[in-house]
Amino acid sequence: GAAGQWAWAHARGARRGALIGALALLTLAGGARCWTRTLDWRDNLTLHAAPVRVMPRSARAQYNLGAQWLKEGEGERALPYFRRTVALDSTYTEAWVDLGGIFTSAGRFDEGRSALKRALGCDPAFYSALVSLGGLELRAGRPTAALPWLEQATRGEPGSSEGFYNLGLARL
């Protein structure tokens with residue numbers, strides 16, 4: 001910028017050499033940092049693990065790594081990251097929903113129900129929590145208990161195929 005142009009125009013001899021040296025050093029440091037960061041991009045797991053190492057008290061970083069483990073089909077490996085997410089931010093609705101989903105998939109219906117109700121405590125109209133709670137009740141063999149959750153979900157999201165599909169199953 002303008003400051004750099006002024007410094008170059010007014011630098012003489014040794015000062016100009018020192019300025020070139022400083023710029024070279026900054027360029028090398030920036031290149032080294034880029035190289036280090038590039039290693040984090042090996043795959044999505046390493047990409048999301050890097051912020052957790054640097055900012056372990058970031059709920060978003062914890063959640064993103066848990067979400068990536070979940071995308072990889074590793075719910076049990078995602079579990080501690082979602083637990084840390086809600087420990088850091090008890091209003092992180094998506095983490096409560098994902099915890100509920102993991103528990104539901106494992107047949108741990110009481111824990112899943114509790115997590116999903118915590119999500120609804122954060123946002124009573126959160127569609128994913130409503131549909132997931134309805135789905136949990138269906139999996140637990142309680143279609144009558146699923147009805148109010150699915151009815152509320154479909155009222156809030158009338159274009160939702162998942163909500164209506166599950167509602168149909170609950171009414172069978």
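Notes on the structure in this doc start here.

A short note on the overall build of the protein chain
Then, in step 1: Counting its regular elements, the protein chain contains 10 helices and 0 strands.
Then, in step 2: When its helices and strands are written in sequence order, the protein chain yields α-α-α-α-α-α-α-α-α-α.
Then, in step 3: Split into buried and exposed, the 172 residues of the protein chain put 35% on the buried side.
Then, in step 4: Of the contacts formed within the protein chain by residues at least 6 apart in sequence, a portion of 38% connects residues at least 24 apart.
Then, in step 5: With an accessible surface of roughly 10500 Å², the protein chain has 58% of that area assigned to carbon and sulfur atoms.

What about the environment of Tyr 127?
Then, in step 1: By the secondary structure assignment, Tyr 127 is in helix 8 (residues 127-139).
Then, in step 2: By relative accessible area, which is 19% here, Tyr 127 ends up buried.
Then, in step 3: A sequence separation of 30 residues divides Tyr 127 from Glu 157, and the C-alpha atoms of the two residues are 7.3 Å apart.
Then, in step 4: Dropping the residues within four chain positions of it, Tyr 127 is found in contact with Ala 153, Glu 157, Ser 160, Glu 162 and Gly 163.
Then, in step 5: At 3.2 Å, the side chain of Tyr 127 forms a polar contact with the backbone nitrogen of Gly 163.

Focus: the packing of aromatic side chains
Then, in step 1: Counted under the stated rule, the structure contains 2 aromatic pairs.
Then, in step 2: When the centroid spacing of 5.4 Å and the interplanar angle of 45° are considered together, the rings of Tyr 63 and Phe 82 count as tilted. With Tyr 63 in helix 4 (residues 59-71) and Phe 82 in helix 5 (residues 75-88), this residue pair connects regions lying 19 residues apart in the sequence.
Then, in step 3: Residue classification places Tyr 63 among the buried positions, given a relative accessible area of 14%.
Then, in step 4: Taking relative accessible area as the criterion, Phe 82 reaches 0% and is therefore assigned buried.
Then, in step 5: A connected cluster of aromatic rings, assembled from ring pairs, spans Tyr 63, Phe 82 and Tyr 92.
Then, in step 6: Lying over the aromatic face of Tyr 81, Arg 84 brings its terminal NZ or CZ to 4.9 Å of the ring centre.

As for the environment of Ala 67
Then, in step 1: With respect to the helices and strands, the residue Ala 67 is situated in helix 4.
Then, in step 2: For the pair Ala 67 and Asp 98, spaced 31 residues apart in sequence, the C-alpha to C-alpha distance is 8.0 Å.

Considering the nonpolar core
Nonpolar side chains in soluble globular proteins generally cluster together in the buried interior.
Then, in step 1: Among the nonpolar cores identified, the biggest contains 32 residues, and Phe 82 and Leu 99 are the most heavily contacted of them.
Then, in step 2: Looking at this core, the elements that each hand over two or more residues are helix 3 (44-54), helix 4, helix 5, helix 6 (93-105), helix 7 (109-122) and helix 8.
Then, in step 3: Contact partners of Phe 82, with chain neighbours within four places excluded, come to Tyr 63, Gly 66, Ala 67, Leu 70, Ala 95, Asp 98, Leu 99 and Ile 102.
Then, in step 4: Core analysis: the next-biggest nonpolar cluster, separate from the first, contains 5 residues, Ala 146, Leu 147, Leu 167 and Ala 170 among them.

Points about helix 4
Then, in step 1: With 13 residues, helix 4 ought to run about 18 Å at 1.5 Å a step, and its terminal C-alpha atoms sit 18 Å apart, in line with that.
Then, in step 2: Regarding helix 4, the residues found buried are Ala 59, Ala 61, Gln 62, Tyr 63, Leu 65, Gly 66, Ala 67, Gln 68 and Trp 69.
Then, in step 3: Directly after helix 4, the chain includes Gly 73, whose backbone phi takes a positive value near 80°.

Topic: a nonpolar patch on the surface
Then, in step 1: A contiguous nonpolar patch, built from Tyr 165, Leu 169 and Leu 172 and spanning about 380 Å² of accessible area, is present on the exposed surface.
Then, in step 2: Counting through the fold element by element, Tyr 165 comes out in helix 10 (residues 161-171).
Then, in step 3: Tyr 165 gets classed as exposed once you look at its relative accessible area, which sits at 56%.

Side note on the packing of helix 9 (residues 143-156) against helix 10
Then, in step 1: Between helix 9 and helix 10, the shortest axis-to-axis distance is 9 Å and the interhelical angle comes to 150°. Relative to helix 10, the element helix 9 lies roughly antiparallel. Handedness of the helix 9/helix 10 crossing: left-handed. Residues Pro 143, Ala 146, Leu 147, Leu 150, Glu 151 and Thr 154 of helix 9 form the contact with helix 10, whose own contacting residues are Gly 163, Phe 164, Asn 166, Leu 167, Ala 170 and Arg 171.

Calculation notes
- Residues numbered from 1 in each chain as written.
- Predicted model: local features only at pLDDT ≥ 70, side-chain atom pairs only at ≥ 80, totals over all residues.
- Heavy atoms only, no water.
- Helix = DSSP H or I, 4+ residues; strand = E, 2+ residues; numbered from the N terminus.
- Buried < 20%, exposed > 50% of the residue type's maximum accessible area, 1.4 Å probe, protein only.
- Contact = heavy atoms within 4.5 Å.
- Areas by Shrake-Rupley, 256 points an atom, 1.4 Å probe, with all protein chains shown as cover.
- Polar contact = N/O pair within 3.5 Å; in protein donor to acceptor, adjacent residues only side chain to side chain.
- Phe/Tyr/Trp six-rings, centres within 6.5 Å; stacked < 30°, edge-to-face > 60°.
- Lys NZ or Arg CZ within 6 Å of the ring centre and 35° of its normal.
- Core = buried A, V, L, I, M, F, W, Y, C linked by side-chain atoms within 4.5 Å.
- Expected span 1.5 Å × (residues − 1).
- Patch = residues over 30% accessible without salt bridge, like charges linked within 9 Å, V, L, I, M, F, W, Y side chains within 5 Å.
- Salt bridge = Lys/Arg side-chain N within 4 Å of Asp/Glu carboxyl O.
- Axes fitted to C-alpha atoms, helices over the stretch in contact; angles between N-to-C directions.
- Parallel < 35°, antiparallel > 145°, perpendicular 65-115°, else oblique.
- Left-handed = near helix turned anticlockwise from the far one by under 90°.

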